[in-house]
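Topology and contacts: notes
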Amino acid sequence: MYWLIHKILKLNWAMIGRIIGFVLKVEACLLVFPLIVNYLYGESIGFAYIVTIGLCFGIGSLLSLTDKKKNIIFSRDGLVAVGLAWIIMSALGALPFFISQEIPNYIDCLFETISGFTTTGSSILNDVEALSHANIFWRSLTHWIGGMGILVFVLAVASGSNERMMHVMRAESPGPTIGKLVPRMKQSAAILYNIYLFLTIACVIFLCLGGMPLFDSLCHAFGTAGTGGFGIKNTSVAYYDSAYIDAVITIFMILFGINFNVYYFILIRDFKAAFKNEEFKAYIGIIIACIVMIGINIYPLYGNVADVLRYSSFQVGSIITTTGYSTANFDLWPSFSKMILLLLMVLGASAGSTGGGIKVSRFLIIVKKVKLDIQRLIHPQKVNAITMDGKLVDEEVVTQITSYFCCFMLIMATCLLLVSLDNLDMETTISAVMSCIGNIGPGFSLCGPLANFDCFSYFSKLVLSAAMLIGRLEIYPILIFMFPVIRLPEAIKKPKRRD
């Protein structure tokens, strides 16, 4: 116990406090936007936002007063800072819903907020349209904030060394590796956010051109960009019943599920590097294959190719990018189509995108690893290696991905056991856990596209909230953080030197 406390106390809490403090002050600034919406629509919940802004800025300012001389940050400090920042940011971000009493129970408020920041999109609300415009706007804005990562935003505007920034960015950025677009990490973060902002604005413009009101366009663009999927209507995107709007959201969901490095290569006119990306080609190939398979399977339900293409492409794009919007009740689709969607929930989008899930690149490397092992069994003397985009994949990365996959399955199994205590049907329980840990949103049966997660107990909602955070921050960085506090057995410790 003393050893564990010693390890915890050795963390650079001063630097961790300053990072969290800066994040909370950024959150206070972002909360001003729903406050403005509150006054624009003449609503009466402004007090809830004023109180929350005051708390965020006050706590953030106090944390920023920590000893500024202690500015060295190691990997473990960065992981702790990211984990605590997301938890505290969610706990305070839930207050407007609770203070306004539009969501009366705080655990429900926390579930909704974590679902927003982690871009999951799972909701406990039975009537979304009953919320005020301010709360709907904040609920949607949490998707946009969490999509690229609030700490990535901090890196884009804050000063600091590349080493300190890398430790923070490693814990928050999705995917098996962290790539720098340019030598300076701060500049890389700025490029990512500029691409993110440009695509979001483009999505808003195209939705407005389709006749969607500006407020609705902003909220849906936030959800599409962050691949979150909080609907602002009880029937989600199906409310608009527009083939044009469906097509715009489908295209932009798929665009936001692409590794942002591909966009950077396109910006610098390195088209060969952009389109040589193996993950990109696999991602597009999987989408096309799933659209075709589901389209053939659901054709008898709709009877014409146009509707089949419209609904199958939207749902495939929505699930693989872990957005979670819906234009059809896919819970009524044949089992074959539902199974494809369930598998896409686990797969997820590309590394370095705003999408969740295990990521296409990890599956590609796992498949290549299996293929290589089979070749070695047949030809033991053969020397070969795993490559991606013509580059050698380090053996350590392959090991980390294998460990990640195993841990993903173990954590998912644990969550399944805990949530099953609610004694709901198996389809609901399995899809709910897979949806939350993969940051997808809707599941099947009682938590399907036209239902919600209110059927679960408060205990299960907390378990699912933890699953959402683990899924968004990714498991392996959390294990790197946990490893130093696991005491190694005496037998494998380095032996003391004898004189």
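Residues numbered from 1 in each chain as written. Predicted model: local features only at pLDDT ≥ 70, side-chain atom pairs only at ≥ 80, totals over all residues. Heavy atoms only, no water.

Description of the overall build of the chain
Operational definition: Strands are runs of DSSP state E lasting at least 2 residues, helices are runs of H or I lasting at least 4, and numbering of each runs from the N terminus. Only protein chains enter the accessibility calculation, which uses a 1.4 Å probe; a residue whose area is less than 20% of its type maximum is buried, one above 50% is exposed, and one in between is partly exposed. Shrake-Rupley sampling with a 1.4 Å probe provides the accessible areas, and residues are treated as covered by the protein chains on show and by no other component.
Scanning the chain from terminus to terminus reveals 23 helices and two strands. Evaluated residue by residue, the chain yields a buried proportion of 54% over its 499 residues. About 22100 Å² of surface is accessible on the chain, with carbon and sulfur atoms providing 68% of the total.

Some points on helix α22 (residues 458-473)
Let me state the cut-off plainly: Helices are assigned an expected span. That span is 1.5 Å times one less than the residue count.
With 16 residues, α22 should cover 22 Å at 1.5 Å per step; its first-to-last C-alpha distance of 23 Å lies within 8% of that length. One or two positions beyond α22, positive phi appears at E474, with a value near 70 degrees.

Structural notes on the nonpolar core
Note the following rule: What is meant by a nonpolar core is a set of buried Ala, Val, Leu, Ile, Met, Phe, Trp, Tyr and Cys residues, joined one to another through side-chain atoms within 4.5 Å. Residue contacts are counted whenever heavy atoms from the two residues lie within 4.5 Å of one another.
If you look at the biggest cluster of nonpolar residues, it comprises 128 residues, and the most contacted ones within it are W138, L344 and F453. In terms of residues, this core owes the most to one element, helix α11 (residues 185-209), which gives ten residues. In this structure W138 touches E27, L30, L31, P34, Y49, G93, P96, F97, F117 and I145, once residues within four positions along its chain are discounted. Formed by eight residues, the second largest nonpolar core is a distinct cluster that contains I365, L372, I386 and V398.

Notes on the packing of helix α3 (residues 32-40) against helix α4 (residues 46-63)
For clarity, the cut-off: Note on geometry: axes are C-alpha line fits, over the in-contact stretch for helices, and angles between N-to-C directions span 0 to 180 degrees. To sort the angles, those under 35 degrees are grouped as roughly parallel, those over 145 as roughly antiparallel, those from 65 to 115 as roughly perpendicular, and the leftovers as oblique. Throughout, a crossing is termed right-handed when the near helix is turned clockwise from the far one, and left-handed when it is turned anticlockwise from it by less than a right angle.
Two numbers describe how α3 lies on α4: the axes approach to 9 Å, and their chain directions differ by 160 degrees. Judged on the interaxial angle alone, α4 and α3 are roughly antiparallel. Of the two elements, α3 crosses α4, and the hand of that crossing is left-handed. On the side of α3, the interface is formed by V32, P34, L35, N38 and Y39, while α4 contributes G46, Y49, I50 and I53.

A look at the packing of aromatic side chains
For clarity, the cut-off: Two aromatic rings from Phe, Tyr or Trp, using only the six-membered ring of Trp, form a pair when their centres are within 6.5 Å; if the ring planes differ by under 30 degrees the pair is stacked, by over 60 it is edge-to-face, and anything between is tilted. By definition here, charges over rings are those cases where NZ of Lys or CZ of Arg is within 6 Å of the ring centre and within 35 degrees of the ring normal.
On inspection of all chains with the given rule, the structure shows 24 aromatic pairs. Between F117 and W138, the ring centres sit 6.0 Å apart and the planes meet at 80 degrees, which makes this aromatic pair edge-to-face. Of this pair, F117 sits in helix α7 (residues 106-117) while W138 sits in helix α8 (residues 133-148), and the two are 21 residues apart along the sequence. Residues F117 and W138 agree in their burial class; the two are buried. Site record: aromatic cluster; members linked through ring pairs are Y41, F137, W144, Y193, Y196, F215, F222, F256, F260 and Y263. Across the ring face of F230, the terminal group of R139 is positioned such that the distance to the ring centre comes to 3.9 Å. Across from the ring centre of F444, 5.5 Å away, lies the NZ or CZ of K338, which sits over that ring.

A short note on the confidence of the model for the chain
What counts is decided by this rule: One number per residue, pLDDT, summarises how confident the predictor is, and it ranges from 0 to 100.
Put simply, the chain has an average pLDDT of 84, and 84% of its residues get 70 or more. Ignoring residues within four places in sequence, the model shows residues 1-6, a span with pLDDT below 50, making five contacts including any to other chains. Counting interchain partners and residues more than four positions distant, the pLDDT-below-50 stretch residues 484-499 has eleven contacts.

A short note on the packing of helix α16 (residues 278-302) against helix α18 (residues 335-347)
Where α16 meets α18, the axes come as close as 9 Å, and the angle between the chain directions of the two elements is 160 degrees. When the axis of α16 is compared with that of α18, the two are roughly antiparallel. Handedness of the α16/α18 crossing: left-handed. Side by side, α16 and α18 meet where I286, C290, M293, I294, N297 and I298 of the first sit next to F336, S337, I340, L341, L344 and L347 of the second.

Focus on the pattern of salt bridges
Cut-off, in case you're wondering: For this analysis, a salt bridge means a side-chain nitrogen from Lys or Arg found within 4 Å of a carboxyl oxygen belonging to Asp or Glu.
Scanning the entire structure with this criterion turns up ten salt bridges. With a shortest N-O distance of 3.6 Å, R310 and D241 are connected by a salt bridge. Here R310 is found in helix α17 (residues 305-320), whereas its partner D241 is found in the loop between α12 (214-225) and α13 (243-256), with 69 residues between them in sequence. On the accessibility criterion, R310 (16% relative accessible area) is buried. Judged by relative accessible area, D241 falls into the exposed class, the value being 58%. Connected through salt bridges with shared partners, the residues D108, D454 and K461 form a single ionic network.

Considering α4
An α-helical turn contains 3.6 residues, so a residue and the one three or four places further along point in the same direction. Put simply, the rule reads: The arc refers to the directions leading from the helix axis to the C-beta atoms.
Between its first and last C-alpha atoms α4 spans 26 Å; for 18 residues at 1.5 Å apiece the expected length is 26 Å, and the two agree. All of the buried residues along α4 are G46, A48, Y49, T52, I53, C56 and G60. Around the axis of α4, the buried residues are gathered within 155 degrees of arc, so they sit on the same side. Exposed residues on α4 whose side chains face more than 90 degrees from its buried face are F47 and L62.

Digging into unusual backbone geometry
Leaving glycine aside, a negative phi is the common case for residues, and trans is the common case for peptide bonds. Although it is not a glycine, T227 sits at a positive phi angle of roughly 45 degrees. Within the secondary structure, T227 is located in the loop between α12 and α13. Unlike most non-glycine residues, R269 shows phi in positive territory, near 65 degrees.

Some points on a nonpolar patch on the surface
Using the following cut-off: Patch construction takes residues with relative accessible area above 30% that form no salt bridge. Like charges are linked within 9 Å, and nonpolar side chains (Val, Leu, Ile, Met, Phe, Trp, Tyr) are linked within 5 Å.
On the surface, a cluster of nonpolar side chains totalling about 580 Å² of accessible area is made up of L197, I201, I205, F206, L209 and Y244. Take the nonpolar patch: its biggest share by element is five residues, from α11. In this structure L197 comes out as partly exposed when scored by relative accessible area, which is 40%.

A closer look at a positive patch on the surface
Put simply, the rule is: By the counting rule applied here, Lys and Arg register as positive and Asp and Glu as negative, while His and the ends of each chain are not counted. The location of each charge is read from NZ of Lys, CZ of Arg, CG of Asp or CD of Glu.
A grouping of K272, K276, K281 and K391 is seen on the molecular surface, where their side chains present a positively charged patch. Turning to its location among the elements, K391 is positioned in strand β2 (residues 391-392). Classification of K391 by relative accessible area gives exposed; the value is 60%.

Considerations on the side chain of S313
Looking at the secondary structure, you find S313 in helix α17. Residues contacting S313, with those up to four places away along its chain left out, are T250, I291 and V308.

Some points on the environment of K281
One can find K281 in helix α16. The partly exposed category is assigned to K281, whose relative accessible area is 48%. The contacts of K281, once residues within four sequence positions are left out, are F275 and K276.

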